[in-house]
Amino acid sequence: MKKALSIFLVLITAFILCGCCLWHDMAPATCTEPSTCTKCGKTEGEALGHKPVTDASVYPTCAEPGLTEGSHCSVCGEILVKQEVVPALAHIAVTDAAVAPTCTKTGLTEGSHCSVCGEILVKQEVVPVLGHTVVSDPAVAPTCTNSGLTAGSHCSACGEILVPQKSVSPTGHSAVTDAAVSPTCTKTGLTQGSHCSVCGEIFVAQKEVSARGHNAVTDAPVSPTCTKSGLTQGSHCSVCGTILVAQEEVEALGHTIVTDAAVAPTCTKAGLTEGSHCSVCEEVLVAQEEVKALGHTVVSDAAVAPSCTKAGLTEGSHCSVCEEVLVAQEEVEALGHTVVTDAAVAPTCTETGLTEGSHCSVCNEVLVAQEEVEALGHTIVTDAAVAPTCTETGLTEGSHCSVCQEVLVAQEEVEALGHTPVKDPMVPPTLTEPGLTEGSHCSVCEEILVKQEVIPAPIFIIEPEAEVKSEDLFTESIPENTEEVSEKGTEAVEETPAEITVEEISAESSEEAEEIIEEPSEVFTEEIPTEAVTAEESPAEVVSAEESPAEEEPAEEIVEEAAPVVMSYAEYAVAELDSPVCVEAYVQAHQSWWDDKITVYAQNEDGAYFFYDMACSEEDAAKLVPGTKIRVSGYKSEWAGEIEIVDATFEILEGDGFIAKAEDVTELLGKEELILQQNKLVAFKGLTIEPYDETGAAFAYKNELEKTDDLYFKVSKDGKVYEFCVEYYLCGKETDVYQAIEALKVGDTVDLEGFLYWYNGINPHITSCIVTASAPIAEEVIEEVPEAYVDIPEVIEEIIAEPAAEEYAAESFVEESAEFIEQSFDEISEEIIPETTEGEINE
């Protein structure tokens, strides 16, 4: 036993001494070492190896350094790639601009900061305020119509007003007469007018008087000769001498040289040298000289090829001098012409033409000679003057040739007139109708200068009594401009007073509301505009008292656009220019039909219309008698202030006729409100006929030479003068009104009727003229009547008082009295007023 134990101890000692152990304590393998016994150091397997992890780079900033990219083992933490330090970048300076101080605010000096980190590098310092720089505002002198200003002051740096300027009242106008200018052949004239000598404002505008036009006289053409030049046909004005068509020089024709062929001498006879002469004037140009006889010389006659008109010959021989045939040549037939047509050349205004001709294309012989056709001369057409408008320039009258378009009298540009602003007053909204804000327009061309905005009508909610059904409710008419409603609807609702029920309205209003509920169809008959409107866009939506607007679901679909509908006059009046319109009215009168067009004056109970150059057959024109109802579709337009419908078509409707009565607008003369009666049949009463021009005539013809066309005349009322017109195509020379105007005298008092046409202001087309009082005889004439004639009644009394008068029969007394009075009238008219009629003396 002891022996065995001893052996065991020996073995263990030997094992230890040999570096071995009986039981290993193996440590796990690492990144760099294999698994190893902690007792004996024995290894097993291989090292695990590092697991690299990237250490991200750090970008350096202005104040902090950065690092390069590196790596380490995620297991043991050993640094595999060391990160290197990257130095800080330093600041990137940005200038902070200086801020200049103002009159009342401080400024800043220039500074800087880093654009990367924002650190302030140079701090901005505050600069004190500068204070005002006082500048005087000089006084402004007042003008005729504009106020002036007193002196003041302001700061020239910031513009702040330091001493305000006060308004000074205007000085008022100083009237000056603008003398009339007589027209010439090419230049228009002017009527007498007046303006302010200070500011130039026109009180009485000068009207243009048409140029008289040239009186053309033909200047006969002069034919050129061989050696002398000629002239084309021209023309000139016999009045002013202006050359209308200048005569142009036609070069001399030059000689038409014809060769006088040489006559060869024969064997026995002398000949002649070649010469020449003019075939037109027969002048000898090169004289022929005699050549002595030659004697016979034999020459071969070569064969001659046939031409278009001449036969050919075979070869032969003859004497070259006397032409005696030695070997006769035989004839070969001619080939005949190849005909080519020479086209005719039409003459122009200034150049001659040619008739059609022909020639042979082979030999060029003229078969049918072309004859010269004289130049036509210009066909003069007048280029009508174009009156200037507020914004567009006009043109003076000119002329051109309608054939070659050459300008004969150039039209000159006339400056635009400029707008004449007129205020459009504000229209307050009512319980059921929207209103309008204040605006303005030009009284001449009607252009809107300041547009009137729609002021929505208040929104009322009617609370019906228990027995009223929901279908009896009604809504207010939808505004015409749905875009304005959608944009301003919310604001309008917020500004509208709280909902009003029938019980809360006054007794009088309640009765009216009940009438509306009972008969809604009679009150709300206005048609809904054709533009699509959604339920959400309507500001005038009405609901019952038991329902809340929030409970209604908005319509998802938009109503499809309806076909165009007939406008009321109120809708037509506010329609935009150049927009399509459709109206119904009754014919009151029309101008002459021409070229499938007609111009109509029409009216209904609400307003009047002017349909210009409406498409119309001659058959339909005969149907347009006064009172005929028509529906017209076209475009609303404007010409020099006149509102009209152009490019129009129409259809005749069935229905009762309507004839408008003339509305007396005398009191509106000179007032802005008169334009609201435009195109209506109106009446003017108690007007005085004024001289039309410097000649003192009571009227003037548009066509003075033929005493036809439109008639113009002037009337006055309350010291102001107006120009009226009788439109020739409306009331021609055979009408009563035309003849009545021709019979007027300056000073007559008249009542007039007509259609209120508007051209650069009031310009009625008069259809009736009644003289209510003739012009009085001048006072100076009455003063010159001898007392003996004034006392005629006393003379008659003396005759009756004489005893002998009883012996006269009644007939004799009457005859003698009539003879005495007639003799007195004759003496007065011959001695004092030879141009005064007996009828005027009676008055």
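Up top is the structure these notes are about.
Criteria and cut-off values
- Residues numbered from 1 in each chain as written.
- Predicted model: local features only at pLDDT ≥ 70, side-chain atom pairs only at ≥ 80, totals over all residues.
- Heavy atoms only, no water.
- Pairing = 2+ DSSP bridges.
- Helix = DSSP H or I, 4+ residues; strand = E, 2+ residues; numbered from the N terminus.
- Axes fitted to C-alpha atoms, helices over the stretch in contact; angles between N-to-C directions.
- Core = buried A, V, L, I, M, F, W, Y, C linked by side-chain atoms within 4.5 Å.
- Buried < 20%, exposed > 50% of the residue type's maximum accessible area, 1.4 Å probe, protein only.
- Salt bridge = Lys/Arg side-chain N within 4 Å of Asp/Glu carboxyl O.
- Contact = heavy atoms within 4.5 Å.
- Phe/Tyr/Trp six-rings, centres within 6.5 Å; stacked < 30°, edge-to-face > 60°.
- Lys NZ or Arg CZ within 6 Å of the ring centre and 35° of its normal.

Taken together, the 3 strands give an open sheet; going across it, the order is E9-E11-E12, and neighbouring strands pair in antiparallel fashion. Two strands close off the open sheet at either side, each with one partner strand: strand E9 (93-96) and strand E12 (120-122). Mean inter-strand twist for the sheet, computed between neighbouring axes without regard to direction, equals 35°. Judged from the 2 bridges that link them, strand E11 (residues 111-114) and E12 form a sheet pairing that is antiparallel. Across the sheet, the residue bridging to His 113 is Ile 120, located in E12.

Strand order in the open sheet formed by 3 strands is E34-E36-E37, with antiparallel pairing between adjacent strands. Taken across any chain shown, the strands that pair with only one partner, and hence form the sheet edges, are strand E34 (298-301) and strand E37 (325-327). Taking the axes of each pair of neighbouring strands and ignoring which way they run, one obtains an average angle of 30° across the sheet. Relative to strand E36 (residues 316-319), E34 runs antiparallel, the two being bridged by 4 bridges. In the sheet register, Ser 300 faces E36, and the bridge partner there is Ser 317.

Moving on, we get to the nonpolar core. Formed by 36 residues in total, the largest nonpolar core has its most connected members in Phe 684, Phe 713, Phe 724, Val 726, Ile 741, Leu 752 and Ile 762. Every element with two or more residues in this core is listed here: strand E60 (681-690), strand E61 (699-703), strand E62 (708-717), strand E63 (720-726), helix H7 (736-742), strand E64 (749-755) and strand E65 (765-773). No other element matches the 5 residues that E60 contributes to this core. The next biggest cluster of nonpolar side chains, apart from the first, holds 22 residues, and it includes Met 567, Val 581, Leu 624 and Ile 643.

Time to look at the pattern of salt bridges. Within the structure shown, the criterion is met by 7 salt bridges. Glu 584 is paired through a salt bridge with Lys 629; the nearest N and O atoms lie 3.8 Å apart. Taken together, the positions of Glu 584 in strand E54 (residues 580-590) and Lys 629 in strand E57 (residues 629-639) put the pair 45 residues apart, joining distant regions of the chain. What emerges from the salt-bridge pattern is a single network uniting Glu 584, Lys 629, Arg 631 and Glu 651.

Let's shift gears to the environment of Cys 308. Take Cys 308: it is sitting in the loop between E34 and strand E35 (312-313). Judged by relative accessible area, which is 8%, Cys 308 ranks as buried. For the pair Cys 308 and Cys 360, spaced 52 residues apart in the sequence, the C-alpha separation amounts to 8.3 Å.

All right, on to the side chain of Ser 276 then. Structurally, the position occupied by Ser 276 is in strand E31 (residues 275-278). Judged by its relative accessible area of 10%, Ser 276 is buried. If we skip the residues at most four places from it in the chain, Ser 276 touches Ile 257, Val 258, Thr 259, Asp 260, Val 284, Leu 285 and Val 286.

The next subject is the packing of aromatic side chains. What the rule picks out here adds up to 13 aromatic pairs. Between Tyr 601 and Phe 755, the aromatic rings sit 4.6 Å apart at their centres with planes inclined by 25°, giving stacked as the arrangement. Here the residue Tyr 601 occupies a position in strand E55 (residues 597-603), and Phe 755 occupies one in strand E64, the gap between them amounting to 154 residues. Ring pairing ties together the aromatic residues Tyr 569, Tyr 572, Tyr 609 and Phe 611, which thus form one cluster. Taking the ring centre of Tyr 572 as reference, the NZ or CZ of Lys 636 above it sits at 5.1 Å. Lying across the ring of Tyr 692, Lys 714 places its NZ or CZ 5.3 Å from the centre.

These values are about where atoms sit, not about what they do.
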